[in-house]
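If you want the building blocks of each chain, they are given just below.
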Amino acid sequence: MKSIQESVSIIKPESFQLVEKILSHAEFNAYLQAIRAVRKTTFRVNTIKSDKVTVVKILRESGISVSDFPLIENAFIVNNATDNQIMKNECFTKGYIYLQSLSSQIPPVILEPKPGDYILDLAAAPGSKTTQMAALMKNTGTIDAVEPDFIRKERLEYNINQQEAAIVSVFQARGEKFLLDVENKYDKILLDAPCSGEGRFNINDKSSYFAYRLTEIPKFNRLQVKLLTSALKAVKPGGTVVYSTCTLNTMENEQVLHEVCNQFQCEIVPLPKGYKELNEITQCKSSVDGVSMRKDIHNAIKIVPSQRIEGFFVSKIVKKSV
Ligand code: SAM
């Protein structure tokens, strides 16, 4: 273990403190290995502009081979080309595909947006999941996409235009303010929350780890609680909220769900079977600092990063009809 730890020593040791606490010895070892991983490029077919048969054919004619990822329709892993090579291919330049990690593609699939739905994407930029939802909805219905940061909002708009996701309206706002007086309005809400990013650390990408500070975790927790509370208020009775993060610690995951869900008539529901069966899954904690978490916390999934997939937390909450 020590030699692996030394090999990721360019990352501040405090960055691993919370993760080491929640993982088994073997899982933590795998986590440290994943931080050095050079992952294969992955993408999603943008079914608004193309389809997987066409995309696979164009790539094959360019000498690029891909494999599918059976859990997610239209998700592909590139076997023999880099991000840069893919970005020069017409599939990319014409917006037929969108480069997106596998784990990032899970929350929209779990939300199950359908044509005609009224959806809110509460932390939307750069729009990977917003545009994925528009494609799942066959560009029919409405998506409100909220992002407070101006530069990130510009990126969101670029991606929406590039992928021709015509049903999206963009709002530059903080999610909790945007929803201040909103109740029982949306069919489904995605909250892919701002977080500390422990699932994304990679020594080949300084931006994935340099901003991490232990002191920021409680601040993320307070913001996530505010956003999830607003989301559960704003979704219709019987509607669904998906809460996801790309971090692993309990304060930003289990504890947020426990605190917020206890204020509402709602249930954290099981995800389709295949997700629980991923090799990378670790159990959510049933007790944190002596406090027992809600029993349905175990229906959420926590993915430990590996050679093929980034770390992620995904949960699906259904607000009960009154
Ligand atoms: N869902 C996005 C995607 O798949 O492309 C990624 C979202 S990223 C994890 C979190 C986003 O939340 C960032 O763009 C960040 O600027 C934004 N954010 C930060 N504070 C926020 C707030 N108070 N309300 C809404 N969004 C916020």
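Residues numbered from 1 in each chain as written. Predicted model: local features only at pLDDT ≥ 70, side-chain atom pairs only at ≥ 80, totals over all residues. Heavy atoms only, no water.

## With respect to the sheet that holds strand S1 (residues 42–45)
Okay, so step 1: Overall, antiparallel pairing links the four strands, which are arranged S2-S3-S1-S4 in an open sheet. Each having just a single partner strand, strand S2 (66–68) and strand S4 (97–99) make up the two edges of the open sheet. Put simply, the sheet's adjacent strands are angled 35° from each other on average, direction ignored.
Okay, so step 2: Note: S2 against strand S3 (residues 75–78), three bridges, orientation antiparallel. Counted as the bridge partner of valine 66 is valine 78 from S3.
Okay, so step 3: Contacts between helix H4 (residues 52–61) and the sheet are confined to S1, S2, S3 and S4, with S1 contributing the most and set at about 135° to the helix. (Pairing = 2+ DSSP bridges. Helix = DSSP H or I, 4+ residues; strand = E, 2+ residues; numbered from the N terminus. Axes fitted to C-alpha atoms, helices over the stretch in contact; angles between N-to-C directions. Contact = heavy atoms within 4.5 Å.)

## Remarks on the packing of aromatic side chains
Okay, so step 1: Applying the stated rule across the entire model yields eight aromatic pairs.
Okay, so step 2: Centre to centre, the rings of tyrosine 243 and phenylalanine 313 are 6.5 Å apart; their planes meet at 70°, and the pair counts as edge-to-face. Of this pair, tyrosine 243 sits in strand S9 (residues 235–245) while phenylalanine 313 is found in strand S15 (residues 312–319), placing the two residues 70 residues apart along the sequence. (Phe/Tyr/Trp six-rings, centres within 6.5 Å; stacked < 30°, edge-to-face > 60°.)

## Considering the side chain of glutamine 132
Okay, so step 1: Looking at the secondary structure, you find glutamine 132 in helix H8 (residues 128–136).
Okay, so step 2: Contact partners of glutamine 132, with chain neighbours within four places excluded, come to Arg44, Gln100, Ser104, Gln105, Pro108 and Val109.

## A look at the confidence of the model for the protein
Okay, so step 1: Overall, the predicted model of the protein reaches an average pLDDT of 96, with 98% of residues at or above 70.
Okay, so step 2: When mean pLDDT is taken per element in the protein, strand S8 (residues 186–192) scores highest with 99 and helix H1 (residues 2–7) scores lowest with 63. (pLDDT = per-residue confidence, 0-100.)

## A word on the site of the ligand
Okay, so step 1: By nearness alone, 19 residues border the ligand, and Lys129, Glu147, Arg152, Gly175 and Asp192 come closest of all.
Okay, so step 2: At 2.6 Å from an oxygen atom of the ligand is found a side-chain nitrogen or oxygen belonging to arginine 152.
Okay, so step 3: A distance of 2.8 Å separates a nitrogen atom of the ligand from a polar atom in the backbone of glycine 175.
Okay, so step 4: Bound to the protein, the ligand loses 87% of the 600 Å² it would expose on its own. (Near = heavy atom within 4 Å. Polar contact = N/O pair within 3.5 Å; in protein donor to acceptor, adjacent residues only side chain to side chain. Areas by Shrake-Rupley, 256 points an atom, 1.4 Å probe, with all protein chains shown as cover.)

## Overview of empty space enclosed by the protein
A water-sized probe, rolled over the atoms, reveals where empty space remains.
Okay, so step 1: Inspection of the entire model under this criterion finds one cavity of 30 Å³ or more.
Okay, so step 2: Here the largest cavity is characterised by a volume of approximately 40 Å³.
Okay, so step 3: Along its surface, the largest cavity is lined by Lys276, Ile281, Thr282, Gln283, Cys284, His298, Ala300, Ile301 and Lys302.
Okay, so step 4: When residues of the lining of the largest cavity are traced back to their parent elements, those giving at least two are strand S11 (281–282) and strand S14 (301–303). (1 Å grid on protein atoms, 1.4 Å probe; cavity = no way out; pocket = protein on both sides within 12 Å on 5 of 7 lines; lining within 4 Å. Points joined across faces, edges and corners; volume = space filled by probe spheres on them.)

## Comments concerning the pairing of S15
Okay, so step 1: Burial analysis of S15 places seven of its eight residues in the buried class, which makes it a mostly covered element.
Okay, so step 2: Bridge count for strand S10 (residues 266–269) against S15 is four bridges, and the pairing is antiparallel. The residue bridging glutamate 267 from the neighbouring strand is valine 318, located in S15.
Okay, so step 3: Across three bridges, the pairing between S14 and S15 is antiparallel. Bridged to isoleucine 303 within S15 is phenylalanine 312. (Buried < 20%, exposed > 50% of the residue type's maximum accessible area, 1.4 Å probe, protein only.)

## Here we look at the pattern of salt bridges
Okay, so step 1: Tallying each qualifying case throughout the model produces 19 salt bridges.
Okay, so step 2: With a closest N to O distance of 3.7 Å, lysine 49 and glutamate 164 form a salt bridge. Remark: glutamate 164 occurs in the loop between helix H9 (150–162) and strand S7 (168–171) and lysine 49 occurs in the loop between S1 and H4; sequence separation between them is 115 residues.
Okay, so step 3: Residue classification places lysine 49 among the partly exposed positions, given a relative accessible area of 26%.
Okay, so step 4: Measuring nitrogen to oxygen at the nearest pair gives 2.9 Å for the salt bridge that ties glutamate 176 to arginine 174.
Okay, so step 5: Classification of glutamate 176 by relative accessible area gives buried; the value is 13%.
Okay, so step 6: Given a relative accessible area of 42%, arginine 174 falls into the partly exposed group. (Salt bridge = Lys/Arg side-chain N within 4 Å of Asp/Glu carboxyl O.)

## A closer look at the environment of lysine 94
Okay, so step 1: One can find lysine 94 in the loop between helix H6 (90–93) and S4.
Okay, so step 2: Assessed through its relative accessible area of 41%, lysine 94 is described here as partly exposed.
Okay, so step 3: Between the C-alpha atoms of lysine 94 and lysine 49, which are 45 residues apart in sequence, the distance is 8.5 Å.
Okay, so step 4: Not counting residues up to four positions away in its chain, the partners in contact with lysine 94 are Lys49 and Gln162.

## A closer look at the nonpolar core
Okay, so step 1: Judged by nonpolar contacts, the single largest core of 34 residues is most densely connected at Phe69, Ile143, Ile303 and Val314.
Okay, so step 2: Elements with a contribution of two residues or more to this core: S3, helix H7 (106–111), H8, strand S6 (142–146), H9, S14 and S15.
Okay, so step 3: The element best represented in this core is H7, accounting for three residues.
Okay, so step 4: With near-sequence residues (within four places) excluded, isoleucine 143 lies in contact with Ile119, Asp121, Thr130, Met133, Ala134, Met137, Ile167, Val168 and Ser169.
Okay, so step 5: Formed by 33 residues, the second largest nonpolar core is a distinct cluster that contains Tyr186, Leu227, Ala234 and Cys266. (Core = buried A, V, L, I, M, F, W, Y, C linked by side-chain atoms within 4.5 Å.)

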